[in-house]
Amino acid sequence: MKKFNIRKVLDGLTAVSSSSAASQPGNKENDLIPETLQSEHFQLCKTVRHGFPYQPSSMTFDPVQKILAIGTQSGALRLFGRPGVECYCQHDSGAAVIQLQFLINEGALVSALADDSIHLWNLRQKRPAILHSLKFNRERITFCHLPFQSKWLYVGTERGNIHIVNVESFTLSGYVIMWNKAIELSSKAHPGPVVHISDNPMDEGKLIIGFESGIVVLWDLKSKKADYRYTYDEAIHSLAWHHEGKQFICSHSDGTLTIWNVKSPGKPVQTITPHGKQPKDGKKPEPCKPILKVEYKTTRAGDPYMILSGGLSYDTVGRRPCLTVMHGKSTAVLEMDHPIVDFLTLCETPYPNDFQEPYAVVVLLEKDLVVIDLAQNGYPIFENPYPLAIHESPVTCCEYFADCPVDIIPALYSVGARQKRQGYSKKEWPISGGNWGLGTQSYPEIIITGHADGSVKFWDASAIMLQVLYKLKTAKVFEKSRNKEDKPSTDIVDEDPFAIQILSWCAESRMLCVAGVSAHVIVYRFSKQEVTTEVVQLLEVRLQYELNDAESPDVGGEQLPAGGTSSPQTSVSHSHPSTSSSSSDGIRDNVPCLKVRSTPLKQSPGYQVELVVQLVWVSGEPPQQITSLAVNSSYGLVVFGNSNGLAVVDYLQKTVLLNLGTVELYGSNDPYQRQPRSPRKSRQPSGGLGDISEGSTTSEDRCKSPTSDGRDSSFSRSRSSSVTSIDKEAREAITSLHFAETFARKGEAVATPSLWVGTSLGTVLAVALSLPPPGEQRLLQPVIVSPSGTLIRLKGSILRMAFLDSTGAIIPPSHEPWYEPNAFDDRDEREKARKRRPVSVSPSASQELSETHYAVVCSEKQAKVLALPSQASVKHSITETSFVLRSDVVQMGSGVCVACFCANGHIMALSLPSLRPLLDVNYLPLTDMRIARTFCFSNNGQAMYLISPTEIQRITYSQDTCENLQEMLGELFTPVETPEAPNRGFFKGLFGGGAQSLDREELFGESVAGKASRSLAQHIPGPGGIEGMKGAASGVVGDLARARIALDERGQKLGELEERTAAMMASAESFSKHAHDMMLKCKDKKWYQF
């Protein structure tokens, strides 16, 4: 364990205030602080991804394993089992997933991509891997079909041909169905791409092929010729069989469905236009929109179900996308909130030749996943247990708290449970496969997301799961504008005026403070009781930046009681409702951007408004957006700043204590030469939350978050070229705030409450707080706020501050324990209750005089540690070429470190207090602003960010978590016995009929069909696949694979088994051929009987 000798580091260093840093003899500064954290404690890896798959493109379901797979336009795969069992994998090419097919009950999945490659995934390991890939060179893949319990995959192409792939070896068969042979002389033109392939449920030797132009061919695989051809003059979108194999149904581009008898190709038995208006005179109904997909499912007891998407009539402009369920004479039209990407009907049997007995429909929408219960009247939907609603309104900010107090999750859950919607299906969620991992991490974790509509969501993120606990709507505090014209002219954003920009939360006292985009701050208390607030408490603050020649501020370091500044600012504290308005010459002055509601507000249990603070317009100039925020329950203070200055508000007394322009914070210590700013100069946009480039923000940068101009960018403060250089120097934003019980002044003997303020020019200023005694006095006497004269300088904007005690442990900001604010009607009683509760302060206050603290300050470029009260420092440059976007001081096991995320994608960790580099990984090149705005670190090596508008990616930088991750992840594959095949019945067996099986091996195998052309496609072995693994794809050989995977899961590498299995594979393959039919009848059951 390395020891850190602060004397050596501090030797010869000068303190920030240019006086020399003589170590005071009585101090413990020279003592050794053991640093427990070493670089081997750090490792970076992705843990889990939560949320709705962004831009989904396809899905499939395994009816035996009960697992759902969704593919996306960026080549991602998301697999869902029972709630809490989820998995994310990625195709390296990033091409869109056009189709997915499970090898049912085999623990494998085939994906077809838009780059004409097909891949075989092994799902029998916790992190699925690709076993084989096949890349087509000359043809484009349009449709794939893998029959149940078959190893031969049919691949249809744009040219109209069908190739056949062996999914065990991922080689092409020499058997090809060419388009010209399929249609022969039935059509003069090319039939178009293959849009459908499936075998007749009762006869595997007959394959139906749908071509886009409207031609359907029933192909006899043995005789290699077409039995029947069916032509219709409208393009085909999809096709489905009746389970008896005597009829099939097609959906067409004119909104019609045609039902055909297999043996009468002349014309359809029936033509239906589900949404067409039937004319009186017997003419054809008017055409409708295309029916994109149809499914035909039978039931033993009643009428079959026809389920379709699309097909609405053209005159339903503005109508929402619909799923239509036709059952007997009834037709139900189910409206969806978003366009339908795909849907699947879940049935009781995996066998296509049995009554299907459908019980639910899974509908994949562009931004949601809906499951409909077919068995209940009115087709209710199931309550979705997955955390798919992260993006219900776009996420604008988030915070991550690992290792919270244990009582907070139950408290939030109990108030959130009352917010649940009613009317869901009574049945269990039907996607129920897989098993949970064995989570060893048991500390509570909470993620809080702020959204564009002003809502705040609390999520339980413990043990790599995610579920919503509670949702708070902050917009309820304001008057809603009824229509567009009614919008207040004082708005400073075009849309989403309630969007959340910053969250400050104290988990112990449960105080929550949010800053919104319309320069408003709301303070919330947590209560378990409903309350009606007659008048919402409101404070209006006039925070302006005046630096004119005439009125130069002359505030030195003297004490500044509430509002007592000689500067032109006044803190206006209006009674509610606000009386301020535009002045006589029409210049907006003293008006806030939003109007607080004047009617009584009913507040449910949960977070309840304590106080609203609004910044107002100043002589025609709108308030600048808030750039930093902090709340402290022990002091009863909330503090916030922007590019004009700083305001400190006492939320107990509902008063503004301090309201200063940034320049005035320095008093006479101002190190900058500032140009006076002309009072009438119009504001210039300085980039939104979304400006990370050198230039000003563009509309594309906005990532759907409310980042209209006029907001001080959190990331482009010292770089945005859209602000002139003089103004850039003059406008110094408050970027970081931290309450601490420490030594605010140099050489001070006792740690006292203080506020530390960091700015965009790299300055940290300490402000001393003098609090009246707790209880009644606290509500009567003012809190005194006075600059301490302490000034620290760093390069780049200040991002984060924290304090350590003499042992190197974090000193948390002091807080009071949570109490029920609505417990007593009588106010005096409540005050007595407050008096009884000690204000818990950090351990530092009671320690002896010779205590040393360490202030940790991190800016965009540097980290600095100062010994307090001597203010001797050690500095470390984090990055020269880039800049830090997010930095947090976090607890890691027994130690503390600074974690940083840079704009160049590097994630770093530095030890404390010596700032030794412990980790530096080039994790991801920063691709968009969303990641920059949402990245956050938490304790115990946890971190997260929004990887897409709908998904949270969690990562860990802890070696310990990386090693235990395998155990924590859920398992997708569980051994389940395949249901028995339907009984053929005595007469069917006697007189023929019933399902005809086919030895596909005989037709497609190399010995008969020969080899396919080499140039047609190339085989690429996958990273997760060695030849022996092909067993995972086939029945009998599957048992071998299972044995191998079982070994693999005990931590042994597949490679070690290579030689032993090679011999087994060779014999198993010949055995597989002869045993194939036998296997279908009776699988070796011993393996499964646990």
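The sections below set out a description of the structure shown in this document. (Residues numbered from 1 in each chain as written. Predicted model: local features only at pLDDT ≥ 70, side-chain atom pairs only at ≥ 80, totals over all residues. Heavy atoms only, no water.)

The helix and strand tally for the protein chain stands at 14 helices and 61 strands. Residue burial in the protein chain is summarised as follows: out of 1090 residues, 58% are buried. Across the protein chain, contacts joining residues at least 24 apart in sequence account for 62% of those joining residues at least 6 apart. (Helix = DSSP H or I, 4+ residues; strand = E, 2+ residues; numbered from the N terminus. Buried < 20%, exposed > 50% of the residue type's maximum accessible area, 1.4 Å probe, protein only. Contact = heavy atoms within 4.5 Å.)

Residues of helix H9 (residues 959-968) that are buried include every one of Thr 961, Cys 962, Leu 965 and Met 968, and no others. The arc that holds the buried residues of H9, viewed along the axis, is 115°, so those residues lie on one side. More than 90 degrees from the buried face of H9, the exposed residues found are Asp 960 and Glu 963. Each element contacted by the buried residues of H9 is listed here: strand E3 (42-51), strand E59 (942-948) and strand E60 (951-958). With a side-chain oxygen positioned 3.2 Å from the backbone nitrogen of Asp 960, the residue opening H9 is Ser 958. (Arc of directions from axis to C-beta. Polar contact = N/O pair within 3.5 Å; in protein donor to acceptor, adjacent residues only side chain to side chain.)

Sheet analysis places strand E56 (residues 906-911) next to strand E57 (residues 917-922), joined by 5 bridges and oriented antiparallel. Its bridge partner being in E57, Leu 910 is matched across the sheet by Pro 917. Between E56 and the antiparallel strand that follows it, E57, lie 5 residues; Leu 915 among them carries a positive phi value of about 60°. (Pairing = 2+ DSSP bridges.)

When we look at a pair of aromatic rings, we describe it by the centre distance and by the angle of the planes. A complete count under the given rule lists 25 aromatic pairs for this structure. Their ring planes at 75° and their centres at 4.9 Å tell us that Phe 148 and Tyr 351 sit as a pair that is edge-to-face. Of this pair, Phe 148 sits in the loop between strand E12 (141-145) and strand E13 (152-157) while Tyr 351 sits in the loop between strand E28 (340-347) and strand E29 (358-365); the two residues are 203 residues apart in sequence, bridging distant segments of the chain. Each of the two residues, Phe 148 as well as Tyr 351, counts as buried. Ring geometry for Tyr 470 against Tyr 607: centres 6.1 Å apart, planes inclined by 50°, an arrangement best described as tilted. In this pair, Tyr 470 is assigned in strand E34 (residues 467-473) and Tyr 607 in strand E41 (residues 606-615), connecting sequence segments 137 residues apart. The same class applies to Tyr 470 and to Tyr 607, which are both buried. Site record: aromatic cluster; members linked through ring pairs are Phe 42, Phe 901, Tyr 923, Phe 935, Phe 937, Tyr 945 and Tyr 957. Geometry around Phe 343 places Lys 293 over its ring, the cationic atom sitting 5.2 Å from the centre. Positioned above the aromatic ring of Trp 818 is the side chain of Arg 510, whose terminal nitrogen or guanidinium carbon lies 4.2 Å from the ring centre. (Phe/Tyr/Trp six-rings, centres within 6.5 Å; stacked < 30°, edge-to-face > 60°. Lys NZ or Arg CZ within 6 Å of the ring centre and 35° of its normal.)

So, about the pairing of strand E22 (residues 257-261). Of all the 5 residues making up E22, 4 are buried; the element is thus mostly covered by neighbouring parts of the structure. Taking the residues between adjacent antiparallel strands as the criterion, strand E21 (residues 247-252) and E22 are bridged by 4 residues, where Gly 255 takes a positive phi near 85°. Alignment of E22 against strand E23 (residues 270-272), held across 3 bridges, turns out to be antiparallel. Its bridge partner being in E23, Ile 259 is matched across the sheet by Gln 270.

Tracing the backbone through its elements, the reader meets Gly 310 in strand E25 (residues 305-310). Overall, the relative accessible area of 22% leaves Gly 310 in the partly exposed class. A sequence separation of 13 residues divides Gly 310 from Leu 323, and the C-alpha atoms of the two residues are 7.0 Å apart.

The next point concerns the sheet that holds strand E8 (residues 97-103). As summarised here, the arrangement of the 5 strands in space is E8-E9-E10-E11-E61, forming an open sheet in which the pairing is antiparallel. Every other strand in the sheet has two partners, leaving E8 and strand E61 (1017-1021) as the edge strands with one partner each. Within the sheet, the average angular offset between the axes of one strand and its neighbour, ignoring direction, is 15°. The sheet contact formed by strand E11 (residues 129-136) and E61 spans 5 bridges and is antiparallel. Looking at the pairing, Ser 133 lines up with Ile 1020 of E61. (Axes fitted to C-alpha atoms, helices over the stretch in contact; angles between N-to-C directions.)

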